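# Structural overview for review
So you can see what is in the structure, the chains are spelled out below.
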Amino acid sequence: MSELLLDGKNAVIYGGGGAIGGAIARVFAREGAKVFIAGRTQEKLDAVARDIVAAGGTVETAQVDVFDQEAVEKHADAIAAAGGIDIALNAVSVLHDQGTLLADLSLEEFMRPIDGFLRTLFITSKAVARQMGRGRPGVILTLSEPGAKLAAGGILGHGVSAAGKETFSRLLAVELAPAGIRVIDIRPHAVADAPAAGSYTKDLFEPAAAAAGQSIREFLDSGDMVQGTLLKRLPTLSEIAETAAFLASDRAVSMTGTTVNLTSGALVD
């Protein structure tokens, strides 16, 4: 029997009912972690939890608004009191505009992803970081997007928020390293099978797909995003989840303060 990557670890996933958060939660549980999934929609959390339990994993759900700092801290305190926090992942999604140029972009549309993504990242990171270290090494994983590096029109708010998440992760790694806490950002591209799994990207990509006379999956499988990658394919939920499990494990113990590029070569760092 092969060794489990996360055996005995406690992992909290914010946005754990979403497409990426749920995929990672399932793999973390498969790899031996006790998984705590938090989010605003109990039905989505329950669906992920049923899959984990059916596969023999251990999971707890909590309906938590990640924009509520007090609620997030209370939830993290309860997990820590019950056994500690070893791994934390923020997979929270914020619906935002892509495709609108500056001339037609409102201040509210520009700020929505910047304030939304970074606010939740600050709140969740602060809540878990104070429960890590002190002889118990921890790992904080974040998620960004290619917009952090792309030179493209129509993604002002999206690109600035993605770059902000990567910068936040890198600088947080500096602060937390003395306590033995690693911080790693994961940068996937558009995820081929995420819309079908209930991701908010279904609403994000639907107008462009409809304009091209394609389904969303056809749009993602054959559009400009795919052609802009070296591998001519987009990453999948499974690939992102498997990578996250490795990064959260002791096998990646020397990695921190970096962004892991899962864009299939859309960006070459």
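The structure we're discussing is the one just above.
These lines cover the structure that appears in this document, whether it is placed above or below. (Residues numbered from 1 in each chain as written. Predicted model: local features only at pLDDT ≥ 70, side-chain atom pairs only at ≥ 80, totals over all residues. Heavy atoms only, no water.)

## Comments concerning unusual backbone geometry
To keep it simple, the criterion reads: Starting at the N terminus, helices and strands are each numbered in turn, a helix being any DSSP run of H or I of at least four residues and a strand any DSSP run of E of at least two.
Its identity is not glycine, yet K232 carries a phi of approximately 55 degrees, on the positive side. Summarising the element assignment, K232 is placed in the loop between α8 (224–227) and α9 (237–248).

## Comments concerning the packing of helix α3 (residues 69–81) against helix α4 (residues 107–129)
Going by this rule: Whenever a helix is involved, its axis is fitted only over the stretch in contact; in every case the axis is a line through C-alpha atoms, and angles between N-to-C directions fall within 0 to 180 degrees. The scheme is simple: roughly parallel for angles under 35 degrees, roughly antiparallel for over 145, roughly perpendicular for 65 to 115, oblique for anything else. In a left-handed crossing the near helix is turned counterclockwise from the far helix by less than a right angle, and in a right-handed crossing that turn is clockwise. Only heavy atoms enter the contact rule, under which two residues are in contact if any of them lie within 4.5 Å. Amino acids are sorted into nonpolar (Ala, Val, Leu, Ile, Met, Phe, Trp, Tyr, Cys and Pro), charged (Asp, Glu, Lys and Arg) and polar (every other residue, Gly among them).
Packing of α3 against α4 brings their axes to within 9 Å, and their N-to-C directions diverge by 30 degrees. Regarding the angle of α3 to α4, the classification is roughly parallel. In the crossing of α3 with α4, the sense of the turn from one axis to the other is right-handed. Where α3 approaches α4, its residues Q69, V72, E73 and A76 are matched on the opposing element by F122, I123, T124, K126 and A127. Considered class by class, the residues forming the contact of α3 with α4 number 5 nonpolar, 2 polar and 2 charged.

## Overview of the pairing of strand β5 (residues 138–143)
Heads up, the condition is: The buried label applies to any residue whose accessible area, calculated with a 1.4 Å probe on protein chains only, is under 20% of its type's maximum; exposed applies above 50%, and partly exposed to all values in between. For two strands to be treated as a pair, DSSP must find at least two bridges joining them. The crossover handedness rule: strands pointing away from the viewer, path from first strand over the helix to second strand clockwise, crossover right-handed.
Taking burial as the measure, the 6 residues of β5 include 6 buried ones, the bulk of the element. Judged by which residues are buried, β5 turns out to be covered on both faces: G138, I140 and T142 on one side and V139, L141 and L143 on the other are all buried. Across 3 bridges, the pairing between strand β4 (residues 87–90) and β5 is parallel. Across the sheet, A88 pairs through a bridge with I140, a residue of β5. Traced from β4 through α4 to β5, the parallel crossover comes out right-handed. Where β5 and strand β6 (residues 181–188) come together, 6 bridges link them in parallel fashion. If you follow L141 over to β6, its bridge partner there is I184. Between the parallel elements β5 and β6, the chain passes through helix α5 (residues 156–176) in a crossover that is right-handed.

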